[in-house]
Amino acid sequence: LLLIIMTSVLDVMKADAARVASKSTAVRINQEALQTFVQTKLSTPIESRPSTPIPLRFNNASHHIDFLTLLSALSFGSGYREDCQKFLQRSPSSTMLYGIMSMVIGGGPLHTDYLNGVSITDVQMLFNIQVDVDMPHETIPGLYISKPSPLRAFADKIRSTFAECGRMLAELQCQDFADYFSKIAARNGGKLDVSKFITALSADFPTFSDVSDSPDGRVHVLSKAQRLVSDLSIAVREAPEVATFLNFMDFTQASQLTVFADNVLPAVLRREGVLEYSPELATLVDSKKTLPKGDMETEIRAVTMEACNIILRSANTSGPDLDFFLRELAKTDTHKDNIRHYCKDTVFY
């Protein structure tokens, strides 16, 4: 934490990614393929990252800010992608958006007390996730017993994230996230830049503390905190009431954000030849075996960040815009069969 206070967290993230990439034995950047990708795919300006379409009318600026913050807090579940598609016919990200919109439509104020009170039954109803299933008893005919569904662990992570956010807001004596942002600005002399915002958020809320340990030091990825900064900066441009409320925020450093490394971006870069996996990692990923949270999974995300940082030095674009471009590329016919790595033991992506 002291290092981050003395140095911009944005610089720390980039230095961590470069360090991991230089020593990784599981993931390698093919520099020639990277330059080819830049020349063929990024020779013309790319589209700016847009706001998430939200067909809702918010009560006020605080409500809007709370919604965006919770949406970022719940930006996880990629390890449950196939289960979500099978049982919900939705992706994890669509499931999260559906659930939070259901909360708002149902009158949920999204404040501290409400978050503290969200139960597993609430998650089941709001997110339309069946948490338990009735299974026939193995030895007694006609008897059924309740067992956890394949998505029970996913639902538990959603509930625990709400509870954790509510608990931390209560400990910090904040009514909601909008109130929290105002108070951390006050702690910083009434002004808050992007680096200080991300540092405070990741220090105060474990769900935003996307930091992993590696043999040679900690690795700061902080995808969800970066995503939130991008979302808030877009909201400031598009919603005057949000701009007025967040007048203490200085988004100048938003142009220095990197990509939001998860399991979509590395799959795209691997298909393009930019990333190369070791035989061991390739076997694990291609067989769709779940990767435990640890060195390999960290290396995939960190090296993805470094590859994108190299791309950003060659292309005239920003991290969030490149992130959006790669996600749109993932939807094309060339990439629709990309094999992503799966890690269920995380709430960071």
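Residues numbered from 1 in each chain as written. Predicted model: local features only at pLDDT ≥ 70, side-chain atom pairs only at ≥ 80, totals over all residues. Heavy atoms only, no water.

Draft legend 1. Highlighting the confidence of the model for the protein chain. The share of residues in the protein chain with pLDDT of 70 or more is 98%, and the mean pLDDT across the chain is 94. Long-range and interchain partners of residues 1-5, a stretch whose pLDDT sits below 50, account for seven contacts in this model, where long-range means more than four residues apart. (pLDDT = per-residue confidence, 0-100. Contact = heavy atoms within 4.5 Å.)

Draft legend 2. Fine view of the layout of surface pockets. For the largest pocket, the calculated volume is near 1200 Å³. Considering the residues around the largest pocket, the lining is formed by 46 residues, among which Ser91, Ser93, Arg227, Val264 and Arg327 are closest to the centre. Among the secondary structure elements, those contributing two or more residues to the lining of the largest pocket are helix H4 (61-73), helix H5 (81-88), helix H6 (92-105), helix H12 (223-238), helix H14 (264-271) and helix H17 (319-329). Sorting elements by how many residues they give to the lining of the largest pocket places H6 first, with five residues. Considered class by class, the residues forming the lining of the largest pocket number 18 nonpolar, 14 polar and 14 charged. (1 Å grid on protein atoms, 1.4 Å probe; cavity = no way out; pocket = protein on both sides within 12 Å on 5 of 7 lines; lining within 4 Å. Points joined across faces, edges and corners; volume = space filled by probe spheres on them. Helix = DSSP H or I, 4+ residues; strand = E, 2+ residues; numbered from the N terminus. Nonpolar A, V, L, I, M, F, W, Y, C, P; charged D, E, K, R; others polar.)

Draft legend 3. Molecular detail of the pattern of salt bridges. One pass over the structure, following the stated rule, counts 20 salt bridges. Arg152 is the salt-bridge partner of Asp156, the closest N and O atoms lying 3.1 Å from each other. One end of the pair is Asp156 and the other is Arg152, both in helix H9 (residues 152-171) and four residues apart, which spans about a single turn. Residue classification places Asp156 among the partly exposed positions, given a relative accessible area of 30%. (Salt bridge = Lys/Arg side-chain N within 4 Å of Asp/Glu carboxyl O. Buried < 20%, exposed > 50% of the residue type's maximum accessible area, 1.4 Å probe, protein only.)

Draft legend 4. The nonpolar core, seen in detail. Within the largest apolar cluster, 110 residues are counted, with the highest numbers of intra-cluster contacts made by Phe67, Phe127, Ile158, Tyr180, Phe181, Phe197 and Ile198. Of the residues forming this core, the biggest block, nine residues, is contributed by helix H16 (residues 295-314). Among residues more than four places away in sequence, those in contact with Phe67 are Ile54, Leu56, Phe58, Leu97, Ile100, Met101, Val104 and Leu110. (Core = buried A, V, L, I, M, F, W, Y, C linked by side-chain atoms within 4.5 Å.)

Draft legend 5. Structural context of the packing of aromatic side chains. In the structure shown here, the tally under the stated rule is 10 aromatic pairs. With a centroid separation of 5.0 Å and 85 degrees between ring planes, the pair formed by Tyr180 and Phe205 is classed as edge-to-face. You can see Tyr180 sitting in helix H10 (residues 177-187) and its partner Phe205 sitting in the loop between helix H11 (194-204) and strand S5 (211-214), a full 25 residues away along the chain. Summarising the burial analysis for this pair, Tyr180 and Phe205 share the class buried. Within the aromatic cluster, the residues linked to one another by ring pairs are Phe177, Tyr180, Phe181, Phe197 and Phe205. Between the NZ or CZ atom of Arg90 and the centre of the ring of Tyr98, over which it lies, the distance is 4.4 Å. (Phe/Tyr/Trp six-rings, centres within 6.5 Å; stacked < 30°, edge-to-face > 60°. Lys NZ or Arg CZ within 6 Å of the ring centre and 35° of its normal.)

Draft legend 6. Just the packing of H10 against H11, in detail. At their nearest, the axes of H10 and H11 sit 11 Å apart, and the two run at 120 degrees to each other. Classified by the interaxial angle, the pair formed by H10 and H11 is oblique. The hand of the H10/H11 crossing is right-handed. Judged by residue contacts, Tyr180, Phe181, Ile184 and Arg187 of H10 engage Phe197, Ala200, Leu201 and Asp204 from H11. Residue composition of the contact of H10 with H11, grouped by class: six nonpolar, no polar and two charged. (Axes fitted to C-alpha atoms, helices over the stretch in contact; angles between N-to-C directions. Parallel < 35°, antiparallel > 145°, perpendicular 65-115°, else oblique. Left-handed = near helix turned anticlockwise from the far one by under 90°.)

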